[in-house]
Amino acid sequence: MQTSSDQSSADSTSLLDSLARFVTTLDLEHVPDIVRQQAGLCVLDTIGCMLAGADTPEGAMLLDAESASGGGGPLARVIGHTQALPVEAAARVHGYWGDIFELNDLIGGHAGIGNVAAALALVEGCGASGAALTKAVIAGIEVTSRLYASVYPALKPYTDVAMVTPGLVSAFGAAAVAASLHGMSRDETREALAIAGALTTWCPAETIFGEGGTVKPMLFGAWPAATGLRAAGYAKHGMTGPGRLLESRIGLFATLCREYDPRVIADDSRWFLAEPRRKLHACCGYTHSAVDLVVDLRQQLGANVLEGSTLQVALPAYVIPAVSKRDLPRTANEARFHLEYCTALAACGADVIVPQHSVDFDAHLRRPEVRAMIANIEVVSDPELTHYHQCRVTVSKHGADVHHARSDSPRGSPQNPLVDAEVIAKFQRLAGHRMSAEASAAYAARFMQLEHETGCGWLFDELCPM
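Summarised in this report is the structure supplied together with it. Source: prediction; values computed, not measured.

1. Things to note about the overall build of the protein chain
Within the protein chain, the secondary structure is distributed over 24 helices and 6 strands. In summary, the protein chain has a C-alpha radius of gyration of 22 Å against a globular reference of 23 Å for 466 residues, a match within 12%. With the principal axes as the frame, the protein chain shows a C-alpha extent of 70 × 60 × 40 Å. Per-residue burial over the protein chain gives 59% buried out of 466 residues.

2. A few points about the sheet that holds strand β6 (residues 400-407)
One key point about sheets: their strands pair by backbone hydrogen bonds, in either a parallel or an antiparallel sense. The strand order across the open sheet formed by 4 strands is β4-β3-β5-β6, and the pairing between neighbours is mixed. Strands at the two margins of the open sheet, each flanked by one partner only, are β4 (377-381) and β6. Shown here is a sheet whose adjacent strand axes are inclined to one another by a mean of 20°, direction ignored. Strand contacts of helix α18 (residues 339-347): β3 (310-315) and β4, with the helix running at about 125° to β4, the strand carrying the most contacts.

3. With respect to the pattern of salt bridges
Throughout the structure, instances matching the rule amount to 31 salt bridges. The closest approach of N and O atoms between K426 and D45, which form a salt bridge, is 3.0 Å. One end of the pair, K426, is in helix α22 (residues 420-431); the other, D45, is in helix α2 (residues 33-54), and 381 residues separate them in sequence. Side by side, K426 and D45 carry an identical accessibility label, which is buried.

4. A closer look at unusual backbone geometry
Glycine aside, a negative phi is what most residues show, and trans is what most peptide bonds show. Despite not being glycine, E102 has its phi angle at roughly 60°, a positive value. By the element assignment, E102 lies in the loop between α4 (87-99) and α5 (111-122). Judged by its relative accessible area of 2%, E102 falls in the buried class. In this structure, H398 is a non-glycine residue whose phi angle is positive, near 55°. Tracing the backbone shows H398 in the loop between β5 (391-397) and β6. With relative accessibility at 80%, the residue H398 sits in the exposed group.

5. Section: helix α11 (residues 222-236)
Between the first and last C-alpha of α11 there are 22 Å, a value that for 15 residues agrees with the 21 Å anticipated at 1.5 Å per step. Among all positions of α11, only A222, P224, A225, A226, T227, G228, L229, A231, A232 and A235 are buried. Packing partners of the buried residues in α11 comprise α4, α5, α8 (166-182) and α9 (186-199). One or two residues past the end of α11 sits G238, with phi positive at roughly 100°.

6. Observations concerning the packing of α18 against helix α21 (residues 368-375)
At their nearest, the axes of α18 and α21 sit 9 Å apart, and the two run at 125° to each other. By the angle between their directions, the pair α18 and α21 is classed as oblique. Seen along the crossing, α18 lies across α21 with a hand that is right-handed. When α18 is examined against α21, the residues E340, Y341, A344, L345 and A347 are found in contact with a partner set consisting of V370, M373 and I374. Of the residues that constitute the contact of α18 with α21, the class distribution is 7 nonpolar, no polar and 1 charged.

7. Side note on the environment of E462
For E462, the position within the fold is in the segment after α24 (458-461). Considering only alpha carbons, one finds E462 and G80, 382 residues apart in sequence, at a separation of 8.3 Å. The residues touching E462, leaving out its near neighbours within four places in the chain, are M435, Y443 and R446. Looking at E462, its side chain comes within polar contact range of the side chain of R446, at 2.6 Å.

The rules behind each value
- Residues numbered from 1 in each chain as written.
- Predicted model: local features only at pLDDT ≥ 70, side-chain atom pairs only at ≥ 80, totals over all residues.
- Heavy atoms only, no water.
- Helix = DSSP H or I, 4+ residues; strand = E, 2+ residues; numbered from the N terminus.
- Rg over C-alpha atoms; globule rule 2.2 N^0.38 Å.
- Buried < 20%, exposed > 50% of the residue type's maximum accessible area, 1.4 Å probe, protein only.
- Pairing = 2+ DSSP bridges.
- Axes fitted to C-alpha atoms, helices over the stretch in contact; angles between N-to-C directions.
- Contact = heavy atoms within 4.5 Å.
- Salt bridge = Lys/Arg side-chain N within 4 Å of Asp/Glu carboxyl O.
- Expected span 1.5 Å × (residues − 1).
- Parallel < 35°, antiparallel > 145°, perpendicular 65-115°, else oblique.
- Left-handed = near helix turned anticlockwise from the far one by under 90°.
- Nonpolar A, V, L, I, M, F, W, Y, C, P; charged D, E, K, R; others polar.
- Polar contact = N/O pair within 3.5 Å; in protein donor to acceptor, adjacent residues only side chain to side chain.

Printed below as a string of structure tokens:
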């Protein structure tokens with residue numbers, strides 16, 4: 001492990017150069033089958049998340065804003081719509097839509113949303129095949145994930161740095177996507193990565209976990225995707241960036257973490273797509289373990305046991321400021337980041353938190369049993385719990401403990417993954433308002449062999465409104 005202040009100046013190869021080598025030497029023939037298959041599923045899953053957000057008021061608001069902004073250059077189609085937008089605007093729209101309901105994957109933090117948004121904006125203009133799209137998505141997600149995993153074990157608390165890591169590292173991945181699709185050289189790719197990291201937003205924690213307003217879904221995928229595309233364009237025209245932006249004493253890692261592991265960035269033997277983290281519930285990933293535990297307890301003990309009981313939910317300390325709220329949610333986005341609200345829904349009969357639980361949060365808060373359950377949930381920290389996947393729940397009734405339960409692997413985690421059929425079923429639920437069951441099943445099936453598709457126009461054609 002290294003700190004940002006003790007990295008070796010004798011090593012002439014920067015961390016960004018190592019990532020650029022990986023991107024430019026990536027060969028699908030040498031990529032494991034499971035990684036190629038999971039890349040296709042990531043594209044499918046992310047498109048489903050985009051379709052879910054497309055018809056929301058805030059989704060329409062952003063589309064209108066981007067349409068009114070104008071701008072020149074190549075156009076890219078917007079999925080599910082007949083119109084096209086400038087490439088970066090299309091990436092922002094797709095990334096924003098896909099993050100509205102907190103359903104996008106957790107690989108490498110939230111790697112899928114920004115990388116898929118960047119890829120969708122370029123595939124038609126580049127004349128990309130399914131294989132080129134697959135390769136680019138693998139490059140972007142693996143770059144994002146290597147960066148995230150190299151710092152995650154020793155991240156500084158976001159309450160100290162006021163920054164949230166996924167919205168920073170995704171810009172590097174989006175630049176890798178663009179470099180792959182454009183066939184850029186190693187030197188150009190390195191500069192694209194460096195420029196992307198220099199230009200992306202600082203991803204303020206207040207926007208993600210505080211009062212973020214409707215701009216919040218812009219930060220994990222939309223803005224990083226557009227920044228990565230812009231950075232690749234700059235690099236193609238000869239611009240350069242800070243080569244040691246990551247490991248410099250005044251660089252990104254010095255800001256984000258106490259120490260980092262450079263071996264993770266250079267390790268070509270590990271594939272993060274082979275360890276997918278996907279979301280079943282339409283709410284912050286920090287809440288999923290508690291929701292799953294409460295669903296299991298309700299199914300085991302019966303709803304009558306939970307009614308009138310106190311639920312003590314124990315979590316890692318760093319999770320609590322993000323999702324445990326003293327006040328009731330006031331907006332749909334607050335509902336998605338509200339542990340007490342989401343676990344109360346689970347206790348009161350919801351097996352899965354779906355988009356309508358946040359869209360209709362006012363109606364659910366008018367349910368007496370939900371309000372009563374929220375009042376009976378106590379959130380505490382447990383020093384034995386160190387990862388957001390971990391949770392303990394204690395059910396007490398009339399002052400006596402009734403049941404204890406612990407989870408270390410919520411649904412969708414690498415230890416408890418969603419199988420392919422579940423990922424496809426999730427897409428079909430999210431796309432159900434646009435496609436028949438038969439059409440969505442046929443569309444999803446093509447992603448299982450994405451690398452064999454000769455083109456990518458069908459991604460848009462089959463979702464265009466009649």
